[in-house]
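# Summary of the model geometry
Single-letter residue listing:
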Amino acid sequence: MSVTVVGSLNEDVLVAVGRLPGRGETVVGREAVLAPGGKGANQAAAAGRLAGSGVVMVGRVGDDPAGARQVAALREAGVDTSRVLPTPGTPTGSATIPVEDGSGENLIVVVPGANAALTPADVDVPEVQRAAVVLLQLEVPLDAVQAAADAASGTVVLTPAPPQPLPPELLARVTVLVPNEHELAQLAGTEPGERSPAELAGLARSLGAAATVVTLGARGALVVPEDGPVVLQAPPPVGAVDTTGAGDCLAGALGVALARGADLRGAVREAVAAAALSTTGTGARGALPGPDAVRELLAGMPPAVPVG
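Position numbers for residues count from 1 along each chain, tracking the sequence in the order it is written. Given that this is a predicted model, residues contribute local features only at a pLDDT of at least 70 and side-chain atom pairs are listed and counted only at 80 or more, while totals for whole chains, interfaces and linings are drawn from all residues. Excluded from the side-chain calculation are hydrogens and water; included are all heavy atoms of the structure.

### Describing helix α1 (residues 39–51)
With 13 residues, α1 should reach 18 Å at 1.5 Å per residue; the first-to-last C-alpha distance of 18 Å fits that figure. Only protein chains enter the calculation, and the probe is 1.4 Å; a residue is then buried if its accessible area is under 20% of its type maximum, exposed if over 50%, and partly exposed in between. Runs of H or I in DSSP of at least four residues are treated as helices and runs of E of at least two as strands, each being numbered from the N terminus. Among the 13 residues of α1, 11 are classified as buried, and the element is accordingly described as predominantly covered. Along α1, the residues that are buried comprise K39, G40, A41, N42, Q43, A44, A45, A46, A47, G48 and L50. Phi for G52, located one or two positions after α1, is positive at around 85°. Expected helix span is computed as 1.5 Å times (number of residues minus one).

This is the structure we're talking about:
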């Protein structure tokens, strides 16, 4: 089994707040904590915890203490960081994340830093070419994302965040698209708002991806295959503390399950369980689960429900 993640590495600044600020509003934070982050590195760490080995990170950090901390955190999670390149004269990417007490809801502001320096040549490497699953996101330049998708010979999983128009040639290389419902609406060119699972499935199929998994937070995930029935996989009940990084954990877990040979519905079931567990601690990686914890939680998972 091999999973390669091409994407961003950031240093997160987590700020605990009593409530999230509105537009133009100032709120006072209770505390601030530095933590490893970045959508790519979060997915790699989640995959590394679950797989134990065979997970590679491809990306860039600054030649600074923050970059060294990000690399060390990934190695601790069991991730091969030999393809994480230092970038002299450029700071490591960063993200500021206020997290609301009680609900765990958050806002995120990202400064790309060295992530913006990732090139197509950086990603056209054997670890991408030969991986069973390649995980991609959009916090690095789009030409590097396209180059990785083109180089991959295995399953390509794309989290389209932060959302931007996806070229048809990129969508044609994607095996599984993993947006949340807001990203899905933006990609489909519609207004954000509450939609039923059947409506979300219609939007997903309008994009032309081979298959789509729509992440729905506390409602779980919607599995929209290219053909066949759509199902909604609800999560198990957990005590959520912080939802930061839950979608990244889901993508990392999905990649591991697909690389192991699980079908899409089975892989999503495992990924939803892993994502639910990840919300029980603070920060994007505060509660990344291991395989034993996921297996234990799967026993109590509700069955997937057909949609439409």
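### Quick word on helix α10 (residues 264–278)
Helix length check: α10 (15 residues) gives 21 Å between terminal C-alpha atoms against 21 Å at 1.5 Å per residue, within 8%. Buried residues dominate α10, accounting for 11 of its 15 residues. Considered for burial, the residues of α10 that qualify are L264, A267, V268, A271, V272, A273, A274, A275, A276, L277 and S278.

### Thoughts on the UniProt feature "binding site: ATP" (unreviewed entry) in the protein
Here the UniProt feature "binding site: ATP" (unreviewed entry) sits at N180, T215, L216, G217, A218, R219, G220, G247 and D248. Counting through the fold element by element, G217 comes out in the loop between β11 (212–215) and β12 (221–224). Using a relative accessible area of 60% as the deciding quantity, one classes G217 as exposed. UniProt positions are given in the numbering used here, feature names are shortened, and annotations may be inferred rather than shown by experiment.

### A word on the pattern of salt bridges
One speaks of a salt bridge when a side-chain nitrogen belonging to Lys or Arg is within 4 Å of a carboxyl oxygen belonging to Asp or Glu. For the structure shown, the criterion picks out 11 salt bridges. For E31, the salt bridge goes to R30, with nearest N and O atoms at 3.6 Å. Looking at E31, the relative accessible area reads 43%, which means it is partly exposed. Note that D101 and R30 form a salt bridge whose closest N and O atoms lie 2.8 Å from each other. Of this pair, D101 sits in the loop between β6 (93–100) and β7 (109–111) while R30 sits in strand β3 (residues 29–37), placing them 71 residues apart in sequence.

### A closer look at the side chain of Q137
Relative to the elements of secondary structure, Q137 occurs in the loop between β8 (133–136) and α5 (142–151). For Q137, a relative accessible area of 0% corresponds to the buried category. Residues adjacent in sequence count toward polar contacts only when both atoms are side-chain atoms; beyond that, a polar contact is any pair of N or O atoms within 3.5 Å, and within protein one must be able to donate a hydrogen and the other to accept it. In this structure the side chain of Q137 is engaged in a polar contact, spanning 3.5 Å, whose partner is the backbone oxygen of V6. A distance of 3.1 Å separates polar atoms of two side chains, one belonging to Q137 and the other to Q43. Apart from residues lying up to four places away in sequence, Q137 is in contact with V5, V6, G7, S8, K39, G40, Q43, V145, L158, T159 and A161. We call two residues in contact whenever any of their non-hydrogen atoms come within 4.5 Å of each other.

### Description of the sheet that holds strand β2 (residues 10–17)
For two strands to be treated as a pair, DSSP must find no fewer than two bridges joining them. The strand order across the open sheet built from 4 strands is β3-β2-β6-β7, with neighbouring strands paired in mixed fashion. Among the strands making up the open sheet, the edge pair consists of β3 and β7. Adjacent strand axes in the sheet meet at a mean angle of 20°, parallel and antiparallel pairs treated alike. Two strands pair when backbone bridges link them, and β6 and β7 are joined in this way by 3 bridges, in the antiparallel orientation. In the sheet register, S94 faces β7, and the bridge partner there is V111. Only the contacting stretch of a helix is used when fitting its axis, a line to C-alpha atoms as for every element, and angles between N-to-C directions run 0 to 180 degrees.

### Thoughts on the UniProt feature "binding site: substrate" (unreviewed entry) in the protein
As recorded in UniProt, the sites labelled "binding site: substrate" (unreviewed entry) are N10, E11, D12, G38, K39, G40, A41, N42, E139 and D248. Mapped onto the secondary structure, D12 falls in strand β2. Given the relative accessible area of 3%, D12 is considered buried. Residue contacts for D12: discarding those within four places in its chain leaves V33, L34, A35, P36, G37, G38, A95, I97 and A284.

### Brief notes about the side chain of Q146
Note on placement: Q146 falls in helix α5. Only 3.5 Å separates the side chain of Q146 from the backbone oxygen of E169, close enough to count as a polar contact. For Q146, the contacting residues outside a window of four places in its chain are E169, L170 and R173.

### What about the pairing of β11?
Neither face of β11 is exposed, since T212 and V214 on one face and V213 and T215 on the opposite face are all buried. The pairing of β11 with β12 spans 4 bridges and is antiparallel. The residue bridging T215 from the neighbouring strand is A221, located in β12. Linking β11 back to β12 in an antiparallel pair, the connection comprises 5 residues, with G217 at a positive phi of about 60°.

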